[in-house]
Amino acid sequence: MGFTMKAARALKNLTQQQTAELMGISRGYYGKMENGEVEMKPYHIYAFCCVTGINVNDFILPVKFTKSEP
């Protein structure tokens with residue numbers, strides 16, 4: 001089973017603001033990551049998984065970064 005950022009965050013009843021604060025980033029930057037507007041660095045993925053308690057293997061990257069481009 002995989003979790004998107006929004007789904008994992010919702011399971012923990014966290015707002016974008018709360019999640020961003022726990023990750024040590026701004027809410028605006030977090031929102032851009034959740035919407036696939038900026039690339040997530042490995043340390044962002046690790047921090048997000050720690051905050052939400054999901055396994056990194058169950059994390060689904062935002063669509064923009066999972067599509068192969070020509």
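Quick caveat: nothing in here was measured; it's all calculated off a predicted structure. (Residues numbered from 1 in each chain as written. Predicted model: local features only at pLDDT ≥ 70, side-chain atom pairs only at ≥ 80, totals over all residues. Heavy atoms only, no water.)

Quick look at helix 4 (residues 42-52) now. Since the α-helix turns once every 3.6 residues, residues separated by three or four places project in the same direction. Residues of helix 4 that are buried: His44, Ile45, Ala47, Phe48, Cys49 and Thr52. If you follow the buried residues of helix 4, they end up packed against helix 1 (5-11), helix 2 (16-23) and helix 3 (27-34). Positive backbone phi, approximately 80°, marks Gly53, located one or two places after helix 4. (Buried < 20%, exposed > 50% of the residue type's maximum accessible area, 1.4 Å probe, protein only. Helix = DSSP H or I, 4+ residues; strand = E, 2+ residues; numbered from the N terminus. Contact = heavy atoms within 4.5 Å.)

Next up on the list: the environment of Gly36. By secondary structure assignment, the location of Gly36 is in the loop between helix 3 and helix 4. Classification of Gly36 as buried rests on a relative accessible area of 2%. Spatially, the C-alpha atoms of Gly36 and Leu61 are 8.1 Å apart, while their sequence positions differ by 25 residues.

With that out of the way, let us pick up the nonpolar core. Within the largest apolar cluster, 16 residues are counted, with the highest numbers of intra-cluster contacts made by Met5, Met23, Tyr30, Met33, Phe48, Ile54 and Phe59. Listing elements by their share of this core, those giving two or more residues are helix 1, helix 2, helix 3 and helix 4. Here the element with the most residues in this core is helix 4; it accounts for 4 residues. Setting aside its immediate chain neighbours within four residues, Met5 contacts Tyr30, Met33, Glu34, Met40, Phe48, Phe59, Ile60 and Pro62. (Core = buried A, V, L, I, M, F, W, Y, C linked by side-chain atoms within 4.5 Å.)

Attention now goes to the packing of helix 2 against helix 3. One can describe the packing of helix 2 onto helix 3 by two numbers: an axis separation of 8 Å at closest approach and a directional angle of 105°. Here helix 2 is positioned roughly perpendicular relative to helix 3, judged by the angle of their axes. Where helix 2 abuts helix 3, its residues Gln16, Gln17, Thr19, Ala20 and Met23 lie against Arg27, Tyr30, Gly31, Met33 and Glu34. Class assignment of the residues belonging to the contact of helix 2 with helix 3 gives a composition of 4 nonpolar, 4 polar and 2 charged. (Axes fitted to C-alpha atoms, helices over the stretch in contact; angles between N-to-C directions. Parallel < 35°, antiparallel > 145°, perpendicular 65-115°, else oblique. Nonpolar A, V, L, I, M, F, W, Y, C, P; charged D, E, K, R; others polar.)

Our next topic: the packing of helix 2 against helix 4. Running from amino to carboxyl end, helix 2 crosses helix 4 at an angle of 115°, the nearest separation of the two axes being 9 Å. In this structure, the crossing between helix 2 and helix 4 has a hand that is right-handed. Contacts from Thr19, Leu22 and Met23 in helix 2 reach His44, Ala47, Phe48 and Val51 in helix 4. (Left-handed = near helix turned anticlockwise from the far one by under 90°.)

Inspection of the secondary structure assignment puts Asn13 in the loop between helix 1 and helix 2. Remark: the alpha-carbon pair of Asn13 and Thr52, spanning 39 residues in sequence, is separated by 9.5 Å.

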